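Residue-level structural notes
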Protein chains: 2
Amino acid sequence: MLSAAKFSVGSKCSIRTLTSIATSEPSAPSVSTPIPGPKSKALKDDMAKVHQNPSVKFFIDYEKSFGNYFVDADGNKVLDTFMQISSIPLGYNHPELVALAKDPRLITAAVSRPALGAWPRTDFASLLRNSLIEVMPKGMSGVQTMLCGTSANENAIKAAFIRYQTLKRGGKPPTPADLESCMKHQLPGTPRLSVLGFQGSFHGRSLTMLTCTRSKPIHKVDIPAFDWPIANFPRYKYPLEKHEAHNKQEDEKCLKEVRSIIESRKKEERDVAAVIVEPVQSEGGDYHASPEFFKGLQKICKEHDVAFIVDEVQTGGGASGTFWAFEQWNLPTPPDMVTFSKKLLTGGYYYTEDFRVREGYRIFNTWMGEPTKLVILEKVIEIIKRDNLVEKTRQVGEQLKKELSRLETVYPKNILNVRGLGTLAAFDMHDTQTRDKLIDVALSKGLHIGGCGDFTVRFRPALTYAKKHLEVTLDLLEKSVKSVV
Amino acid sequence: MLSAAKFSVGSKCSIRTLTSIATSEPSAPSVSTPIPGPKSKALKDDMAKVHQNPSVKFFIDYEKSFGNYFVDADGNKVLDTFMQISSIPLGYNHPELVALAKDPRLITAAVSRPALGAWPRTDFASLLRNSLIEVMPKGMSGVQTMLCGTSANENAIKAAFIRYQTLKRGGKPPTPADLESCMKHQLPGTPRLSVLGFQGSFHGRSLTMLTCTRSKPIHKVDIPAFDWPIANFPRYKYPLEKHEAHNKQEDEKCLKEVRSIIESRKKEERDVAAVIVEPVQSEGGDYHASPEFFKGLQKICKEHDVAFIVDEVQTGGGASGTFWAFEQWNLPTPPDMVTFSKKLLTGGYYYTEDFRVREGYRIFNTWMGEPTKLVILEKVIEIIKRDNLVEKTRQVGEQLKKELSRLETVYPKNILNVRGLGTLAAFDMHDTQTRDKLIDVALSKGLHIGGCGDFTVRFRPALTYAKKHLEVTLDLLEKSVKSVV
């Protein structure tokens, strides 16, 4: 039966085989049409007939893409420093990952997908140990897999609510009164708890995570929200070394606000059960905060039994120059939970022992993650360690920031506030229009960069982004800056 | 580089190959240990060290499982009529799906995963046409892919909110006042809209979908909820033909309540923007309702411009005897949105033209689904059509219901209220304890059945469940019933 199967679906005339996948990277970008080109435009019109697509920019031929370069529908070869919104760890079609097509675990996990919460694969713990546990932050107890960043955050805050109420009950499971009242959305079973988020943050797009998210109005408008509190996140002046006093004041002001919100909510019996925060507010505009800020935040959380959840969906996986960005804060104890997705291929969260959920069916759903992702991640982690990619990323990230700072001195009216953590680098421009134009011009020259916030340019390359890619980036970026100013 | 890769991770001593995957079904169940057996128990203890697992029942060796049978960690061969909570369409390791390991699209989509909302694959529309669009309900406009049932429902209700507010604005996009106020969670940008759900329903486990879900307290307790309304869902007496008057009254009573809630919420300026309903309330206890009830529900929704969302996450994909369960209602026009996941391998929703979202980044996230699922689903749909599996499921489902009704006459004190739609069959028992015992005893004899609600047994076999499987099911079920009563 195996030999009878055909692999010609899609384009019916050509037999596709594994050898049709690209195996080398272009030496330089080459662009011969506008982007989107005529083929991308035609594909977008066609797609609209079957799937709404107002955000689609252009189409990529993923079989032809390799390493740090994608090939678009029109054959343009582009250096990609944005990598599917920071979600491809090793670049396109890494050969050792493509080779996993021959691993029976991958296809079995794909076509006989377990309901992981009830009947896991016999090798599930082994898969976890070789992947997510291999990079588990020090001092944490275990991991809970999910499907994406939003479900990671949703379930982390559920675990925080469960733990908050369990503490109130002296460590006991829900009472009959809790169980009965929750079916009517009444106290005590349905508590009036909240999660504290920050201005400028992004934690996902379910209704609840949108409540915590405050990056852009178009994400939130027309959608109902919980009445949950929001605090200011520090807004620093750059370069940091020239603005120490101001930036320290920012930290203090924001921490004071957090403390005040937690205390006043408690008085109103609408307790804050969790604080959720990104190491770098990415979607909101690549805003950084100091280790002191995060240490202070954790301290306030501890004082009030509030869960301290670090959302590493965009920053996790090595791009910051450490595997987890929060490792650079030197916290005295780990965060209560750390959520992840994107470069980790699967969503999920790490928990400390206090946040382990002990009753069945409370953190549960049909799929609860997917073992195919762990089969691939096992190899990704092996490669990251073997090839020393986190340290290499730290080094190339330093170089990137240094070179961007050099450009800032050459174009001081156009490149502002250069900042970075590993290759999570960014700079601001004067306005949205110029920033958008810069991104378009760079793309037309074969460089894909990302935007965020109102006027920020962000870099989110793969961990295989190296010196030769940096050189192309800087060359095309400088040419692009010259042409938009 | 390809040839250098090894496939020995996990159990380090054995080289795994694609030929190690099972290719035939056992002729009968065989059980030689308790389930969970010693190996499953040891695996559960080991798993707890890296991943919380209070709901895990036993472990399955998915490479050894085939068709309608799984093989557990202890080598027990069990006929599976529950199929990973109704999520495996064609049984375990269908050979034509396993053969997709050689399809380059599958591995490329897995290791070079697109951010589908921004840069889709060049073959994305073609993949959709060969899979989800091939089975799109008549009269609908297109599909929006997501990752799971919860994200399908979350995004369908977002589309409903967006459309409700857009109607209020006379078809226009959000105003500057909307955009500004939503960042403060104030009117008009953050509206006080709600979704109406039903007692006994299950729509997922994010905070928002839990608000609409009312099946079991353990899902909801300790978790904050929106103040959204809930209506009663009909509770019929069986057999239906003997209780026509009562059941009709149930329909009318429930519809009257829905209308009353929608009207009173409107007066309070907390409008209901959407009604979400399952064709069969599955998790809540396999409660069915009549086509007349659903027709009446749609009519009320239309009168009040409320979105009528049918949640086919568990019922969709052919198990009901039609590809979508709602096809059996003979609605005058299609539902506004139909959500799906499970047997469709990917989450998502179909929309009618009025619910197409026209502005970018409103229905959006990084992954927005996954093309590997569509590569597999393309083949699944081809097989379902070629092998006439929906009609076969209708036939075997009728037989299953007939035979369960026969058992009901033999064991009238133990098997109650037999009901079914295709193979979505169920019966009640007198209490939770007996129901749970029956499920355990059946498993010990090599038959895996599911529970739902407080005292219900449900069947959720694959579409390849045939007469020979039915015979084993009935034999083991009858033996199990005898031994628990």
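Predicted model, so just to flag it, every value in this text is computed and none were measured. (Residues numbered from 1 in each chain as written. Chains lettered and ligands numbered in written order. Predicted model: local features only at pLDDT ≥ 70, side-chain atom pairs only at ≥ 80, totals over all residues. Heavy atoms only, no water.)

1. Side note on the domain arrangement of chain A
Residue and element names in this part refer to chain A. When the domains of chain A are assigned, the result is domain 1 (20–97 + 388–484) and domain 2 (106–385). Listed by partner, the interface residues are 32 residues for domain 1 and 30 residues for domain 2. Across the interface of domain 1 and domain 2, roughly 2600 Å² is buried in total on both sides, 61% from carbon and sulfur atoms. Counting every contact that joins domain 1 to domain 2 gives 2 salt bridges. For Arg458, the salt bridge is made with Glu283, and the minimal N-O distance between the two is 3.1 Å. Run the count over domain 1 and domain 2 and you get 15 residue pairs in polar contact (both at pLDDT 80 or more). For the side of domain 1 that touches domain 2, the secondary-structure elements that each account for two or more residues are α2 (83–86), α3 (95–98), α13 (389–410), β12 (416–421), β13 (424–428) and β16 (456–458). The element contributing the most residues to the side of domain 1 that touches domain 2 is β12, with 5 residues. Classifying every residue of the side of domain 1 that touches domain 2 gives 16 nonpolar, 11 polar and 5 charged. (Domains from an automatic or database assignment. Contact = heavy atoms within 4.5 Å. Buried area = accessible area lost by both parts, 1.4 Å probe. Salt bridge = Lys/Arg side-chain N within 4 Å of Asp/Glu carboxyl O. Polar contact = N/O pair within 3.5 Å; in protein donor to acceptor, adjacent residues only side chain to side chain. Helix = DSSP H or I, 4+ residues; strand = E, 2+ residues; numbered from the N terminus. Nonpolar A, V, L, I, M, F, W, Y, C, P; charged D, E, K, R; others polar.)

2. Focus: the relation of the copies chain A and chain B
After a rotation of 180 degrees and a shift along the axis of 0.0 Å, chain A superposes on chain B with an RMSD of 0.0 Å. The superposition of one copy onto the other is thereby described by a two-fold rotation axis. Minimal C-alpha distance to the rotation axis in chain A is attained by Ala101 of chain A, lying at 2.8 Å. Most of the interface of chain A is mirrored in chain B, where 99% of its interface residues are also at the interface. (Least-squares fit on C-alpha atoms with pLDDT ≥ 70 in both.)

3. Section: the side chain of Gln84 of chain A
Take Gln84 of chain A: it is sitting in helix α2. Polar side-chain contacts of Gln84 of chain A include one of 3.2 Å to the side chain of Tyr62 of chain A. In contact with Gln84 of chain A, not counting residues within four places along its chain, are Ile60, Tyr62 and Tyr92 of chain A together with Arg113, Pro114, Ala115, Trp119 and Thr366 of chain B.

4. Description of the layout of surface pockets
Taken as a whole, the second largest pocket holds about 1000 Å³ of empty space. As for the second largest pocket, its lining consists of 47 residues, of which Tyr361 of chain A together with Phe82, Ile85, Glu283 and Arg458 of chain B are closest to the centre. Broken down by secondary-structure element, the contributors of at least two residues to the lining of the second largest pocket are α6 (149–168), α9 (217–220), α14 (432–444) and β15 (450–452) of chain B. Counting residues per element, the lining of the second largest pocket draws most heavily on α14 of chain B, which supplies 5 residues. The residue makeup of the lining of the second largest pocket, split by class, is 20 nonpolar, 16 polar and 11 charged. (1 Å grid on protein atoms, 1.4 Å probe; cavity = no way out; pocket = protein on both sides within 12 Å on 5 of 7 lines; lining within 4 Å. Points joined across faces, edges and corners; volume = space filled by probe spheres on them.)

5. Brief notes about the interface of chain A and chain B
At the junction of the two partners, chain A supplies 142 residues and chain B supplies 143 residues. For the pair chain A and chain B, the two sides together bury roughly 12900 Å², of which 62% comes from carbon and sulfur. Of all residues in chain A, Gln52, Trp119 and Asp222 of chain A bury the most surface against chain B, accounting for 7% of the area lost on that side. Our enumeration of links across chain A and chain B arrives at 10 salt bridges. Across the salt bridge formed by Glu63 of chain A and Arg121 of chain B, the nearest N and O atoms sit 2.9 Å from each other. On inspection of chain A and its partner chain B, the count reaches 67 residue pairs in polar contact (both at pLDDT 80 or more). Tallying contributions element by element places helix α4 (residues 104–111) of chain A first for the side of chain A that touches chain B, with 7 residues. Classifying every residue of the side of chain A that touches chain B gives 75 nonpolar, 34 polar and 33 charged.

6. Thoughts on the packing of helix α10 (residues 244–267) of chain A against helix α11 (residues 291–303) of chain A
Residue and element names in this part refer to chain A. Between α10 and α11, whose axes approach to 10 Å, the crossing angle comes to 15 degrees. Classed by the angle they form, the pair α10 and α11 counts as roughly parallel. The crossing of α10 and α11 is right-handed. Only Glu292, Phe293, Gly296, Leu297, Ile300 and Glu303 of α11 make contact with α10, whose side of the interface consists of Asp251, Cys254, Leu255, Val258, Arg259 and Ile262. (Axes fitted to C-alpha atoms, helices over the stretch in contact; angles between N-to-C directions. Parallel < 35°, antiparallel > 145°, perpendicular 65-115°, else oblique. Left-handed = near helix turned anticlockwise from the far one by under 90°.)

7. Section: the pairing of strand β10 (residues 337–340) of chain A
Residues and elements named next belong to chain A. Side chains of β10 alternate between two faces, with Met337 and Thr339 and Val338 and Phe340 buried alike. Bridge count between strand β9 (residues 307–311) and β10: 3 bridges; the pairing is parallel. Note that in β10 the partner of Asp311 across the bridge is Thr339. As defined by bridge partners, β10 adjoins strand β11 (residues 347–351) across 4 bridges and the pair is classed as antiparallel. By the bridge assignment for β11, Val338 is matched with Tyr350. What sits between the antiparallel neighbours β10 and β11 is a turn of 6 residues, in which Lys342 has the positive phi angle 45 degrees. (Buried < 20%, exposed > 50% of the residue type's maximum accessible area, 1.4 Å probe, protein only. Pairing = 2+ DSSP bridges.)

8. Structural notes on the pattern of salt bridges
Evaluated as defined, the whole model comprises 78 salt bridges over all chains. Lys379 of chain A is the salt-bridge partner of Glu382 of chain A, the closest N and O atoms lying 3.4 Å from each other. Here Glu382 of chain A pairs with Lys379 of chain A, and both are found in helix α12 (residues 371–386), just 3 residues apart, close to one helical turn. Looking at Glu382 of chain A, the relative accessible area reads 35%, which means it is partly exposed. Salt-bridge contacts for Asp227 of chain B lead to Arg270 of chain B; the nearest nitrogen and oxygen are separated by 2.6 Å. One end of the pair, Asp227 of chain B, is in the loop between α9 and β5 (230–231); the other, Arg270 of chain B, is in the loop between α10 (244–267) and β6 (272–277), and 43 residues separate them in sequence. The exposure class of Arg270 of chain B is partly exposed, given its relative accessible area of 21%. Each of Arg169, Asp178, Glu359 and Arg362 of chain A together with Asp222 of chain B takes part in a single network of salt bridges with overlapping partners.

9. Notes on the confidence of the model for chain A
Model confidence for chain A is summarised by a mean pLDDT of 96, while 97% of its residues fall at 70 or above. Throughout residues 1–13 of chain A the model reports pLDDT below 50, and contacts reaching past four residues in sequence, or to other chains, amount to 23 contacts. (pLDDT = per-residue confidence, 0-100.)

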